[in-house]
Amino acid sequence: MLEKPSATDTEILDLASRSGWPDDLRVLIARFPREQWEGHANLGSMAQFWLSRHVMFRELSGAIGDTTAQFRNGTLAAAEFPRQLVPRLQFLLQQLNVHHQIEDLHYFPIFRAAEDRLARGFDVLEGDHHAIHADMAATADTANALLRALSGDNDTLIRCSDAYAKASGGLLKGLIRHLDDEEDLIVPLILDRGEDALGVAHHG
Ligand SMILES: [Fe+2]
Ligand SMILES: [Fe+2]
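All values derive from a computational prediction rather than experimental measurement.

1. Describing the overall build of the protein chain
When helices and strands are counted, the protein chain shows six helices and zero strands. Order of helices (α) and strands (β) in the protein chain, N terminus to C terminus: α-α-α-α-α-α. Structurally, the protein chain occupies a C-alpha span of about 65 × 60 × 30 Å along its principal axes. Taken across its 204 residues, the protein chain has 41% of its residues classed as buried. Within the protein chain, residue pairs in contact and separated by at least 24 positions form 80% of the contacts whose partners lie at least 6 positions apart. In the protein chain, the 19 positive side-chain charges and the 31 negative ones have mean positions that sit 3 Å from each other.

2. Some details on the coordination of the iron ion (ligand 2)
For the iron ion (ligand 2), the full set of protein donor atoms is His54 (NE2), His99 (NE2), Glu103 (OE) and Glu182 (OE), at a range of 2.0 to 2.2 Å. Every donor counted, the four donor atoms about the iron ion (ligand 2) form angles of 80 to 170 degrees at the centre, which fits irregular coordination. Counting along the primary sequence, the residues that act as donors to the iron ion (ligand 2) give the motif H-x44-H-x3-E-x78-E. If you look at the iron ion (ligand 2) and the iron ion (ligand 1), they sit 3.3 Å from each other and are both ligated by Glu103. In this pair, His99 sits in helix 3 (residues 81-114) while Glu182 sits in helix 5 (residues 154-193), placing the two residues 83 residues apart along the sequence. This pair shows no difference in class: His99 is buried, exactly as Glu182 is.

3. Quick notes on the packing of helix 2 (residues 45-72) against helix 5
Working note: a packed helix pair is described by the angle between its axes plus the distance between those axes. Helix 5 packs onto helix 2 with a crossing angle of 160 degrees between their chain directions and a minimal axis gap of 10 Å. Here helix 5 runs roughly antiparallel to helix 2, going by the angle between their axes. For the element pair helix 2 and helix 5, the recorded crossing hand is left-handed.

4. Details of helix 3
Helix length check: helix 3, at 34 residues, gives a terminal C-alpha distance of 46 Å against a target of 50 Å (1.5 Å per residue), a fit within 8%. The sharpest bend along helix 3 comes to roughly 45 degrees, located at Tyr107, with the proline Pro109 sitting one to four residues further on.

Calculation criteria
- Residues numbered from 1 in each chain as written.
- Chains lettered and ligands numbered in written order.
- Predicted model: local features only at pLDDT ≥ 70, side-chain atom pairs only at ≥ 80, totals over all residues.
- Heavy atoms only, no water.
- Helix = DSSP H or I, 4+ residues; strand = E, 2+ residues; numbered from the N terminus.
- Buried < 20%, exposed > 50% of the residue type's maximum accessible area, 1.4 Å probe, protein only.
- Contact = heavy atoms within 4.5 Å.
- Lys, Arg positive; Asp, Glu negative; His and termini not counted.
- Charge placed at Lys NZ, Arg CZ, Asp CG, Glu CD.
- Donors = N, O, S within 2.8 Å, 3.2 Å for Na, K, Ca; no water.
- Tetrahedral: all angles 85-135°; square planar, octahedral: opposite > 155°, others 65-115°.
- Axes fitted to C-alpha atoms, helices over the stretch in contact; angles between N-to-C directions.
- Parallel < 35°, antiparallel > 145°, perpendicular 65-115°, else oblique.
- Left-handed = near helix turned anticlockwise from the far one by under 90°.
- Expected span 1.5 Å × (residues − 1).
- Bend = angle between axes of the 7 residues up to and from the residue.

No statement about biological role is implied by the geometric values presented.
Next comes the structure, spelled out in structure tokens:
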């Protein structure tokens, strides 16, 4: 009998299937639960600005999800759909690109070096960025196909609408999971050490 290869760690913590961090990556969030974040003395301007970007991503995701649902259930006119969708989706994709670059190149290396016990979590978050980028590409492609199909026959329109809903739904779901887990890993580290000691403080 062949033994089934066991799932690798990264597969277990795959963005599409995980529901939060395992215990060994909860060592700091266990000490600094979310209820303590707001108003904490060590929650400096870097963390506040960074969290506000996450709030913006969640709001954009909600608006894009609502627009898509309204278009698909007929409460948003087809002519109005591109005007509602395109600027928001464009902005989300652009801003996510910038945000992930700053995290991958600047913040993650600092945080990874600061706390060995969380290093694996940053590998997972970096992997998330790759998964999210694949979903962003699929969302952009299917959105463009749907926009073209708005002036075509009904069968094509339905097929393109389904494909876009599936791609964008996957993107938004993964993104929300990622934002939550990223905050659960990073904010407790900032509260534990302080932004100055970590070398991430905003100055000037
Ligand atoms: Fe991220
Ligand atoms: Fe982020």
